[in-house]
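# Notes for the structure review
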Amino acid sequence: MPADAILGVEGLIKRYEGLLALSGVTFSVARGEIFGVIGPNGAGKTTLFSCLVGSVQPNSGIVRFRGERIERLPNHAIVARGLVRTHQIVRPFRDMTVRENVSVGAHFGRARLRGAEAGRRVGEILEKTGLVRKAEVLAGTLTIGELKRLEIARALATGPEVLCLDEVMGGLNPSEIVDAMKLIRSIRESGVTVLMIEHHVHAVVGVSDRILVLNFGLKIAEGKPMEVVRHPEVISAYLGEEAV
Amino acid sequence: MKTRGVFAAAALVLLLAAPRFLERGTLNDIWNVAFAVILASAWNLLGGFAGQVSIGYSAFIGIGAYTTVLLSLAGWHPYATLPVSAFLSAAFSVIVGLPTFRLRGPYFTIATIGVSEAVRVVAAGVAFTGGSSGLRMPAGSFDFQRDYSAMVVLAVLVVALAAWIQASPFGQALRAIRQDIDAAEALGVHSTKYKVLVHALSAALVALAGSLFAINFQYISPNSVFDFRLSLSIVLMPIVGGLGTVAGPVLGALLFGYLQIKLLSSPALRDSYLFLYGGMLIAVMLFEPRGLLGLYRRVRGRITRSFSRPVPDAG
C-alpha cells in the first residue's frame, strides 16, 4: 500500500452460494483521487462497495482505511470513520422530507452534528446538490434524477473522507450527466476522495484520475483512463473476444 | 410546539382537579383510559416509531405489577418500588431484544409471543408469586386520590415524551430504521443500539403502568396482568389510532378504553370484544392504514380544500 493511500484493499474474496463474486481483488486509492470502477454486469462492482463499507462481510482479504483494518467492522462503525457509499438502487426514506433524509446523515454520520450546526450543514449540501427547492417535499415524490442526487446528498451529510458512488448517473439524461460530473469534481475539490462505479464509460473516463476494471470478480486492469480503455482484455470483456 | 405544551399543561391541571367535581365512577373511567394511553403510547415508541412489532407487552406489565406487589409485601412504600420495576423491566427487554434485534425479519415479533407466554407460565408456576391464585397488596396501601393522580400524571408525561422523541434526532433514527434499516445503517445509524434503547425505554414505561395498576387494583394474578388479550389490545390501540404518530395511540386508547368500559358493563356484549377488535383491525387495514388520525387528516384536507379557492401555482 503506497504511503499516500487512504484506502487499501488486499486479496478481497466474497463468495455467495456457488458464485465467486470477488476472487482476490487488490488495489489502493490515494487521498484526493477520483477513482473509477468499471466492468460488465455481474463483475462484482457493487459487491466490492458493499464489502468496503461493511454492509456485506467479505470471506477473506484485508481492507485498510487510513491505516486501520476495517473489514470486520459493521456498516455504521465504518461510516463513523468516514467511509460512506451510495446505493445504485436508490433507498430514500420515502415518508421523510428531503431535508429530513439529509439530516439523518448529518446527525448520525462521522460528523454527528446537532441542532443549528446540523441545520447549516444540511442547507449547504442541499444547495450543492441542487435540492433546495425540493427540501420540504416527501422523498417518495422525487424523480429518479433527484433521488440519485438525494443519495449523494445524504452520504455527503455524514461528513465522509471517502465517498463511494454506485452508478449515480444511471437513468440520467445527458445534461444531468454533465451536472453530475461537475458535482463529483466539486466534491473532490472540497477534499473528499471519490470512488465511483459507472456504466457510462465516457463519463467515468472524463472525471477519473485512475480506473479499476473488474470482470467475473477479478481485476483485469488498473491505471490511467485512456490506457485502461485501450487494454486488450478490457476491450474483449466489453465487446467479446472477436473484437480484439 | 409551544401551543402543544400549553395544551398538555391545561389537560393535566383539568385532570388533576377532576376529583373535586366528578364522581368516583367517572374518575375510574378516566383512570382506565389513562392506563390505556400509557400502554399504547409506550408501545408505539417501539412498534410505531421504530416499526418493531412486539406482541408480548403484557410481560412488562406483569413484571412491573409483580415487582411492586412483592416489594410492598416486603415492607417497601408502594411508590418506592416504581424505579425498581422500571429498571427490571428494561433489563428484561434487553435480554429479549439483544439476540433478536440483530436479525432481520419477523424474528423479534415471534420471539415476543413466546417470551411473554413463558413469563406468564413461570409466574403461575413458582411459589413466591403466589402461583395462579395471585397476590394481594398489603393492607393500608390504597389511596384512590393519590393513585388516580399518579396514573394521570404518568399518562401526560408519556405522551409528552413521545412528542419530544418524535422531534429529536433519536426519533429520526427510529423512523429511518422503520423505513429502511440498511439505508439507515449506511448513514451511520447504529440500528441495534437504538432498537434496544427504545425497547428498554418503552418496557420501563409499561412496567410503571403495571405497578400503578397493581397499586390501584390491590390484587394481581397471572391471568390479570400477563393476559395475552392485553398484549393484543396494546398492539391494536396504536394501529387503530394511527401508527407512528403521537396523537394516534391516544385516540386509539380513548376509543378502546371507552369500548372496554361499555362492553364490560353490558352482559350481552361482554364476550364480543374480540369480534369487535378484529373488525376494527380489518377496517383500518382495508380503508385507512394510517388509522383514525389519518382519517381525520384526510377529512380535514377535503373540507379545507372545498372551502378555499384554488391558489395560483407559485412554482
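What counts, and at which threshold
Residues numbered from 1 in each chain as written. Chains lettered and ligands numbered in written order. Predicted model: local features only at pLDDT ≥ 70, side-chain atom pairs only at ≥ 80, totals over all residues. Helix = DSSP H or I, 4+ residues; strand = E, 2+ residues; numbered from the N terminus. Rg over C-alpha atoms; globule rule 2.2 N^0.38 Å. Buried ≥ 20, exposed ≤ 12 C-beta atoms within 10 Å, placed from the backbone. Contact = placed C-beta atoms within 7 Å. Nonpolar A, V, L, I, M, F, W, Y, C, P; charged D, E, K, R; others polar. Pairing = 2+ DSSP bridges. Axes fitted to C-alpha atoms, helices over the stretch in contact; angles between N-to-C directions. Parallel < 35°, antiparallel > 145°, perpendicular 65-115°, else oblique. Left-handed = near helix turned anticlockwise from the far one by under 90°. pLDDT = per-residue confidence, 0-100. Core = buried A, V, L, I, M, F, W, Y, C linked by C-beta atoms within 7 Å. Expected span 1.5 Å × (residues − 1).

A few words on the overall build of chain B. Secondary structure summary: chain B contains 14 helices and two strands in total. Relative to the compact-globule value of 20 Å for 315 residues, chain B shows a C-alpha radius of gyration of 20 Å, a close match. Each of the three principal axes of chain B carries a C-alpha extent, and together these read 70 × 50 × 40 Å. Put simply, chain B has 315 residues, and 44% of those count as buried. Excluding contacts between residues fewer than 6 apart, the proportion of contacts in chain B whose partners are at least 24 apart in sequence is 78%.

With that out of the way, let us pick up the interface of chain B and chain A. Taken residue by residue, the interface counts 15 residues in chain B and 22 residues in chain A. Contributing elements (two or more residues each) for the side of chain B that touches chain A: α7 (169–179) and α8 (181–186) of chain B. Here the element with the most residues in the side of chain B that touches chain A is α7(B); it accounts for six residues. When the residues that make up the side of chain B that touches chain A are grouped by side-chain class, the tally is seven nonpolar, four polar and four charged.

Moving on to the pairing of strand β10 (residues 218–223) of chain A. Residues and elements named next belong to chain A. Relative to β10, strand β9 (residues 210–215) runs antiparallel, the two being bridged by five bridges. Across the sheet, the residue bridging to N215 is L218, located in β10. In sequence, β9 turns back onto β10 through a hairpin of two residues, with F216 there showing a positive phi of about 50 degrees.

Our focus in this paragraph is the pairing of strand β2 (residues 19–30) of chain A. Residues and elements named next belong to chain A. For strand β1 (residues 5–16) and β2, the ladder comprises nine bridges, and the chain directions are antiparallel. Considered in β2, the bridge of G8 is made with S28. Remark: two residues form the turn of the hairpin made by β1 and β2, two consecutive strands paired antiparallel; G18 in that turn has positive phi of roughly 75 degrees.

Attention now goes to the packing of helix α6 (residues 144–167) of chain B against helix α9 (residues 191–217) of chain B. Residues and elements named next belong to chain B. Viewed as axis vectors pointing N to C, α6 and α9 meet at an angle of 165 degrees, and their least axial separation amounts to 10 Å. Relative to α9, the element α6 lies roughly antiparallel. The chirality of how α6 crosses α9 is left-handed. Facing α6, whose interface residues are D147, A150, M151, L154 and V158, α9 presents L205, L208, A209, L212, I215 and N216. Among the residues making up the contact of α6 with α9, the classes are represented as nine nonpolar, one polar and one charged.

Turning our eyes to something else, we now look at the sheet that holds β2(A). Residue and element names in this part refer to chain A. Pairing within the open sheet is antiparallel, and its four strands lie in the order β2-β1-β4-β5. Whereas interior strands pair on both sides, the edge strands pair on one side only; in this sheet they are β2 and β5 (68–69). Running over the sheet, helix α1 (residues 45–53) touches β1, β2 and β4 (60–65) and is turned about 65 degrees from β2.

With that out of the way, let us pick up the sheet that holds β10(A). Residues and elements named next belong to chain A. Strand order in the open sheet formed by six strands is β6-β7-β8-β3-β9-β10, with mixed pairing between adjacent strands. Looking at the sheet topology across the chains shown, the edges are occupied by β6 (83–85) and β10. Pairs of neighbouring strands in the sheet enclose a mean axial angle of 15 degrees, with direction left out of account. Across three bridges, the pairing between β6 and strand β7 (residues 162–166) is parallel. Each residue of the ladder has a partner; that of R85, found in β7, is C164.

Turning our eyes to something else, we now look at the packing of helix α11 (residues 228–241) of chain B against helix α13 (residues 273–287) of chain B. Residues and elements named next belong to chain B. Close contact between α11 and α13 brings their axes to 10 Å; oriented N to C, the two are set at 35 degrees. In the packing of α11 onto α13, the handedness of the crossing is left-handed. Listed contacts from α13 to S233, L236, I239 and V240 of α11 are Y277, M280, L281 and V284.

Chain-level pLDDT for chain B is 89 on average; 97% of the residues reach the 70-or-more range. Across the assembled chains, the prediction reports ipTM 0.91 with pTM 0.90.

All names here are of chain B. Take F228: it is sitting in helix α11. Given 14 C-beta atoms within 10 Å, F228 falls into the partly exposed group. F228 sits 176 residues away from Q52 along the chain, and the two C-alpha atoms are 18 Å apart. Those residues in contact with F228 that sit more than four places away from it in its chain are S58 and E117.

Moving on: the nonpolar core. Residue and element names in this part refer to chain B. I38, L39 and A209 are the most contacted members of the largest nonpolar core, which has 152 residues in total. Sort the elements by how many residues they give to this core and α9 lands first, with 15 residues. Residue contacts for L39: discarding those within four places in its chain leaves Y57, V206, A209 and I234.

Turning next to α11(B). Residues and elements named next belong to chain B. Relative to the 20 Å expected for 14 residues at 1.5 Å per residue, α11 spans 20 Å between its end C-alpha atoms, a close match to the ideal helical length. Among the 14 residues in α11, ten count as buried, and that is most of the element. Of the positions making up α11, those classed as buried are S231, S233, I234, V235, L236, M237, P238, I239, V240 and G241. Just downstream of α11, G242 is the residue with a positive phi angle, here 145 degrees.

A separate point is the environment of L73(A). With respect to the secondary-structure elements, L73(A) resides in the loop between β5 and α2 (75–81). As for L73(A) and L52(A), which are separated by 21 residues in sequence, their C-alpha atoms are 9.8 Å apart.

Turning to the confidence of the model for chain A, a few remarks are in order. Looking at chain A as a whole, the pLDDT averages 92, with 97% of positions reaching at least 70. Mean pLDDT across the elements of chain A ranges from a minimum in helix α9 (residues 232–239) of chain A, with 84, to a maximum in β6(A), with 97.

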